[in-house]
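# Reading the structure
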Amino acid sequence: MIQMKSRLTVIDNSGALVAECIKVLKNARWASVGDEIVIAVKKARPISNNTSSSLSAAKLRKGDVRRAVIVRTKKEIRRPDGSYVRFDDNACILLNNQQQPLGTRVLGLVSAELRFKNWVKVVSLAPRVI
């Protein structure tokens with residue numbers, strides 16, 4: 001369950017490391033795996049001025065406001081077969097304006113519930129789906 005002021009780790013290569021939820025984009029108090037939220041970047045990788053990378057994904061700075069999709073939560077999720085799955089941390093992946101992942105790689109495992117909530121692109125980038 002992710003609500004306002006919840007801290008999440010960013011598990012893509014977009015340049016952000018830690019994010020804070022500032023809005024849940026559905027009429028609910030909290031969000032779960034596969035839900036879209038608005039985040040503020042709290043910690044980002046440093047950007048060196050010497051490298052002339054043209055990737056806009058690498059130019060995230062602290063304080064930037066973006067949209068993200070939740071891929072892991074500490075709160076357990078009940079599966080249709082009766083089993084429960086939970087993760088060690090809360091994690092998200094940043095999105096661009098076309099609802100596509102901002103980074104080109106996903107650096108960790110994601111939940112299988114993303115496939116049922118039509119986040120197929122995120123599932124295809126992930127190295128492992130649990």
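Quick notes on the rules
Residues numbered from 1 in each chain as written. Predicted model: local features only at pLDDT ≥ 70, side-chain atom pairs only at ≥ 80, totals over all residues. Heavy atoms only, no water. Helix = DSSP H or I, 4+ residues; strand = E, 2+ residues; numbered from the N terminus. Salt bridge = Lys/Arg side-chain N within 4 Å of Asp/Glu carboxyl O. Buried < 20%, exposed > 50% of the residue type's maximum accessible area, 1.4 Å probe, protein only. Pairing = 2+ DSSP bridges. Axes fitted to C-alpha atoms, helices over the stretch in contact; angles between N-to-C directions. Contact = heavy atoms within 4.5 Å.

### Let's talk about the environment of Leu-102
- For Leu-102, the location among the structural elements is in the loop between β7 (91-95) and α1 (113-116).
- As a C-alpha pair, Leu-102 and Asn-13 span 89 residues in sequence and 8.2 Å in three-dimensional space.

### Observations regarding the pattern of salt bridges
- Per the stated rule, a full pass over the model turns up nine salt bridges.
- The closest approach of N and O atoms between Asp-35 and Lys-117, which form a salt bridge, is 3.6 Å. With Asp-35 in the loop between β2 (16-24) and β3 (36-44) and Lys-117 in the loop between α1 and α2 (120-125), the pair connects residues that are 82 residues apart, well separated along the chain.
- For Asp-35, a relative accessible area of 11% gives the class buried.
- The partner of Arg-86 in a salt bridge is Glu-76, and the shortest N-O contact between them spans 3.8 Å. Within this pair, whereas Arg-86 is found in the loop between β6 (84-85) and β7, its partner Glu-76 is found in the loop between β4 (65-72) and β5 (77-78), the two being separated by ten residues in sequence.
- Among the residues examined, Arg-86 registers a relative accessible area of 60% and is labelled exposed.

### What to know about the pairing of β4
- In terms of strand pairing, β3 meets β4 through five bridges, oriented antiparallel. In the sheet register, Ile-37 faces β4, and the bridge partner there is Ala-68.
- Two strands pair when backbone bridges link them, and β4 and β7 are joined in this way by five bridges, in the antiparallel orientation. Across the sheet, the residue bridging to Val-69 is Ile-93, located in β7.

### Regarding the sheet that holds strand β1 (residues 7-10)
- What the five strands build is a closed barrel, ordered β1-β2-β3-β4-β7; its pairing is mixed. Taking the axes of each pair of neighbouring strands and ignoring which way they run, one obtains an average angle of 55° across the sheet.
- As judged from the seven bridges shared by β2 and β3, these two strands associate in the antiparallel manner. The residue of β3 that forms the bridge with Glu-20 is Ala-40.

### Focus on the side chain of Glu-20
- Turning to its location among the elements, Glu-20 is positioned in strand β2.
- Aside from chain neighbours lying at most four places away, what touches Glu-20 is Lys-5, Ser-6, Arg-7, Val-38, Ile-39, Ala-40 and Lys-42.

### With respect to unusual backbone geometry
- Located in the positive-phi region is Lys-5, a residue other than glycine, with phi close to 75°.
- Located in the positive-phi region is Asn-118, a residue other than glycine, with phi close to 60°.

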